[in-house]
Amino acid sequence: MKVALWAEIRRLSEIEKLSGRVIARRLHCSRHTVAAALEMQQPPPGTAARRASLLHPYVDQIKDLLAKYPDLSAVRIREEIARGPQGYTGSATVLRRYLRKIRPAGGRVYQEVHYEPAQAMQIDWGECGRVQVGSTTRKVSVFVAVLCYSRLLYIEFTLSQRKAEFYRGLVHALTFFGGSPRHLIFDNLKAAVLNGSGRSACFHPEFLALCGYFCLQPVACARRDPES
């Protein structure tokens, strides 16, 4: 079982209060997988990522479908490529990610965002100049976490922006706030994102494990896109 699946099952159960049957249907996995994930208090041990995508054998079929029906939804495409004994068995999320890459995006739509209490928290790094430490100078960074509804702020100063400081700052912020929000919003942080950005971001397994432990849903912003 992948860490990402374990984390999402735990979040849907603990935060969204969904039943095992509903979680299995939403994530396209078996109820036994859901039950096994909920019994695990710690994230599953990491495994080497598979290089070949489950979607690769169906790329030509997808392109043919889009050539005939350019606006065909991911749900309908998944239904088509899942037909037969050798049909696609992967998730709709992987398919949507692929479709965003090959299908031109429409015009950008802007909307005002409102948050409910405990809905989301934003985190990021800031820089605060340099400080003398012994015979050398060190760059001072500040970890910032802010609750989107109340704008309550937590900050922590560090001498680096390594993963350990980032994860430690996040845990300290949750302890300070006394609980976990539903969503964790952040920029394209190296400690959180291995590659990609926004909806196509591939998260670091250790970061996913931390989110799963605290029942957080990670939300990555698009690269070089301050508005997101």
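Residues numbered from 1 in each chain as written. Predicted model: local features only at pLDDT ≥ 70, side-chain atom pairs only at ≥ 80, totals over all residues. Heavy atoms only, no water.

### Here we look at the packing of helix α1 (residues 3–14) against helix α2 (residues 20–27)
The test is simple: Lines are fitted to the C-alpha atoms to define the axes, a helix being fitted only along its stretch in contact, and any angle between axes, read from their N-to-C directions, falls within 0 to 180 degrees. A run of DSSP states H or I qualifies as a helix once it reaches four residues; a run of E qualifies as a strand once it reaches two. Both are numbered from the N-terminal end. In this scheme, roughly parallel covers angles under 35 degrees and roughly antiparallel covers those over 145, while 65 to 115 is roughly perpendicular and the rest are oblique. Two helices that cross are described as forming a left-handed crossing if the nearer one is turned anticlockwise from the farther one by less than a right angle, and a right-handed crossing if clockwise. Contacts were defined at the residue level, with two residues in contact if any of their heavy atoms lie within 4.5 Å. The classification used treats Ala, Val, Leu, Ile, Met, Phe, Trp, Tyr, Cys and Pro as nonpolar, Asp, Glu, Lys and Arg as charged, and all other residues, Gly among them, as polar.
Where α1 meets α2, the axes come as close as 10 Å, and the angle between the chain directions of the two elements is 135°. With respect to their mutual orientation, α1 and α2 come out oblique. Where α1 crosses over α2, the two elements pack in a sense that is right-handed. In contact with L5, E8, I9, L12 and S13 of α1, α2 contributes I23, R26 and L27. Looking at the contact of α1 with α2, its residues break down into five nonpolar, one polar and two charged.

### Some thoughts on the packing of aromatic side chains
Threshold: Pairing of aromatic rings covers Phe, Tyr and the six-membered ring of Trp, with a centre-to-centre limit of 6.5 Å; geometry is then stacked below 30 degrees between planes, edge-to-face above 60, and tilted otherwise. Burial classes follow relative accessibility: with a 1.4 Å probe on protein chains only, a residue under 20% of its type's maximum area counts as buried, one over 50% as exposed, and anything between as partly exposed. Sitting over a ring, as applied to charges here, requires NZ of Lys or CZ of Arg to be within 6 Å of the ring centre and within 35 degrees of the ring normal.
Per the stated rule, a full pass over the model turns up eleven aromatic pairs. Relative to F207, the ring of F186 lies with its centre 5.2 Å away and its plane at 85°, an arrangement referred to as edge-to-face. Here F186, found in strand β4 (residues 183–186), pairs with F207, found in helix α8 (residues 205–213); they are 21 residues apart in sequence, far enough to count as distant. On the basis of relative accessible area, F186 is assigned to the buried category, the value being 2%. Between Y213 and F214 the ring centres are 5.0 Å apart and the planes differ by 85°, which places this aromatic pair in the edge-to-face class. By relative accessible area, which is 40% here, Y213 ends up partly exposed. Every member of this aromatic cluster is reached through a ring pair, and the members are W125, F143, F166, Y167, F186, F203 and F207. In this structure, R10 packs its charged tip against the face of Y213, placed 6.0 Å from the ring centre.

### Describing the pairing of β4
Worth spelling out the cut-off: A pair of strands counts as paired when DSSP detects no fewer than two bridges linking them.
Here strand β1 (residues 120–133) runs beside β4; their pairing, made up of four bridges, is parallel. From the neighbouring strand, A120 faces β4, where its bridge partner is H183. Bridge analysis of β4 against strand β7 (residues 217–220) gives four bridges, and the strand direction is parallel. Looking across to β7, one finds that L184 is bridged to P218.

### Details of the pairing of strand β2 (residues 136–147)
Inspection of the sheet shows β1 paired to β2 by eleven bridges, in the antiparallel sense. Bridging from a neighbouring strand, Q122 pairs with V146 of β2. Taken together, β1 and the strand that follows it, β2, pair antiparallel across an intervening segment of two residues, in which G134 is found at a positive phi of about 65°. Inspection of the sheet shows β2 paired to strand β3 (residues 153–158) by six bridges, in the antiparallel sense. From the neighbouring strand, F143 faces β3, where its bridge partner is E156. Taking the residues between adjacent antiparallel strands as the criterion, β2 and β3 are bridged by five residues, where R151 takes a positive phi near 65°.

Any link to function would need more than the numbers given here.
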